[in-house]
Amino acid sequence: MNYEVFLFTRNQRRDFTAFIRPRELTNKEVSTIASALNYVNDISALTPAWPALYCFAIGQYVLLLRHYDSGRKHAGRSISMLEGIAVKTTRARHFALALPHFLAHQDELLAISRIIDDIETQTVEESRDYPWPNVQAAEVTEGAADELISEFIVRLGEDRLFIPFDEDGRETLIAALSDSRFPTLHFAFGTNSDVLTRLSSAGITVDIVSYFNTTTPSLRDRQTNEITSEISNYVSRKPRPLPQTPTADQPPADLPTPRQSRAAPRHPAQPDPLAQYDAGNNAMLTPRQMARQQAEAERQNAEAEPQSESPFTWLGHLIARLLGRK
């Protein structure tokens, strides 16, 4: 069994582009993924060692991706990295058995950017086939959410599993994926409600959810999003590996219902080139695009600068106060 790879980022010459893509992944499907992840406004806390993790089916593939800050910048903005592997949906069951291993070794097996010598000179190409790794059973430790996982097995058709975005949560995710009683499971570990709404509007669903601000493992009804079961007096055994980011994140109650999922988010994220995906082989910025980006950067800088106060303003305030006393 083989797999293909996916790498989506930008360099100084090209806007956000799928530099390496599975052969049968379409431009529309890449754009769907890009526009969804654009709703994560702040990626500064996501690193290769601790990335957001996604697994879902789209088109002819099941994708396992990690999302993090590349450490590079363009026009003062952080450049995100979205990379991982893709397996044909016809092999999804076999892939599901290997998912715990891929997650346990994500920094090695999903690090597609490491196979590139220089991202600044990388051109667009289709993925070749890569041989299946020597998959071993992931080590699963007993956790506080074990009983909740057993309940999730019974209620899988009705409920989603919510887990914290911390080390305990990742262990719970691996434990759930390692349970042989489950069929294939799709997840979004480290995300927000806008991302899931965009994915859902494209017919992409997940079974396990971890928002940046999720604090307690629970089961939530897929239709109403109401809590059906949770762990009482839950306390994380391990500190969070990163601070909660989240002004833009919504609480778990905002997971879209089926009716809400029919439409994409109405409140777009802050401007981000991620949404301007261009799959063409010559996806270089034109002079007009460069001028537009420069103008936008200057406008943002101008808005960020505090307005200086007129040297006569204090005198006007003083006169007004004196007149008010008469």
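Definitions and limits used
- Residues numbered from 1 in each chain as written.
- Predicted model: local features only at pLDDT ≥ 70, side-chain atom pairs only at ≥ 80, totals over all residues.
- Heavy atoms only, no water.
- Helix = DSSP H or I, 4+ residues; strand = E, 2+ residues; numbered from the N terminus.
- Buried < 20%, exposed > 50% of the residue type's maximum accessible area, 1.4 Å probe, protein only.
- Areas by Shrake-Rupley, 256 points an atom, 1.4 Å probe, with all protein chains shown as cover.
- Contact = heavy atoms within 4.5 Å.
- Expected span 1.5 Å × (residues − 1).
- Bend = angle between axes of the 7 residues up to and from the residue.
- pLDDT = per-residue confidence, 0-100.
- Phe/Tyr/Trp six-rings, centres within 6.5 Å; stacked < 30°, edge-to-face > 60°.
- Lys NZ or Arg CZ within 6 Å of the ring centre and 35° of its normal.
- Core = buried A, V, L, I, M, F, W, Y, C linked by side-chain atoms within 4.5 Å.

Observations concerning the overall build of the chain
Assigned secondary structure in the chain consists of eight helices and twelve strands. Here the chain holds 326 residues, and 49% of them are scored as buried. For the chain, the computed accessible surface area is about 16,700 Å², with 50% contributed by carbon and sulfur atoms.

Notes on the side chain of His67
Within the secondary structure layout, His67 lies in strand 4 (residues 61-74). Residue classification places His67 among the buried residues on the basis of a relative accessible area of 2%. Discounting chain neighbours no more than four positions away, the residues touching His67 are Leu37, Val40, Ile43, Leu46, Pro51, Ala52, Tyr54, Ser80, Met81 and Leu82.

Considering helix 2 (residues 92-104)
Counted at 1.5 Å a residue, the expected span for helix 2 with its 13 residues is 18 Å, and the 19 Å between its end C-alpha atoms agrees. Along helix 2, the helix axis deviates most sharply at Ala98, where the bend reaches about 45 degrees; the proline Pro100 sits within four residues downstream. All buried positions along helix 2 are accounted for by Ala92, Phe95, Ala96, Ala98, Leu99, Pro100, His101, Phe102 and Leu103. Those residues of helix 2 that are buried are in contact with strand 3 (52-58), strand 4, strand 5 (77-88), helix 3 (106-109), helix 5 (167-178) and strand 9 (187-191).

A look at the confidence of the model for the chain
Per-residue pLDDT for the chain has a mean of 80; in total, 70% of the residues score no lower than 70. In this model residues 258-287 is a low-confidence stretch, pLDDT under 50, and it forms 71 contacts with partners more than four residues away in sequence or in other chains.

Quick word on the packing of aromatic side chains
Geometrically, a pair of aromatic rings is defined through the distance of the ring centres and the angle of the planes. Tallying each qualifying case throughout the model produces 14 aromatic pairs. Both rings, one in Phe8 and one in Phe16, keep their centres 5.9 Å apart while their planes meet at 20 degrees; by these two values the pair is stacked. Overall, the relative accessible area of 2% leaves Phe16 in the buried class. Connected via pairs of aromatic rings, a cluster forms that spans Tyr3, Phe95, Phe102, Tyr130 and Trp132. Seen from the ring of Tyr130, Arg128 lies directly overhead, with NZ or CZ sitting 4.0 Å from the centre. The ring of Phe162 is capped by Arg220, whose NZ or CZ atom sits 5.4 Å from the centre of that ring.

Some thoughts on helix 1 (residues 27-37)
Counting buried residues along helix 1, eight of its eleven residues qualify, which places the element largely inside the surrounding structure. For helix 1, the set of buried residues is Glu29, Val30, Thr32, Ile33, Ala34, Ser35, Ala36 and Leu37. Buried residues along helix 1 sit against strand 1 (2-9), strand 2 (17-21), strand 3, strand 4, strand 5 and helix 6 (193-201).

Overview of the nonpolar core
Counting 82 residues, the largest nonpolar core has Leu64, Ile85, Phe95, Phe102, Phe187 and Ile208 as its most contacted members. Residue contacts for Ile85: discarding those within four places in its chain leaves Tyr3, Glu4, Val5, Val62, Leu63, Leu64, Phe95, Phe102, Leu109, Leu110 and Ile112.

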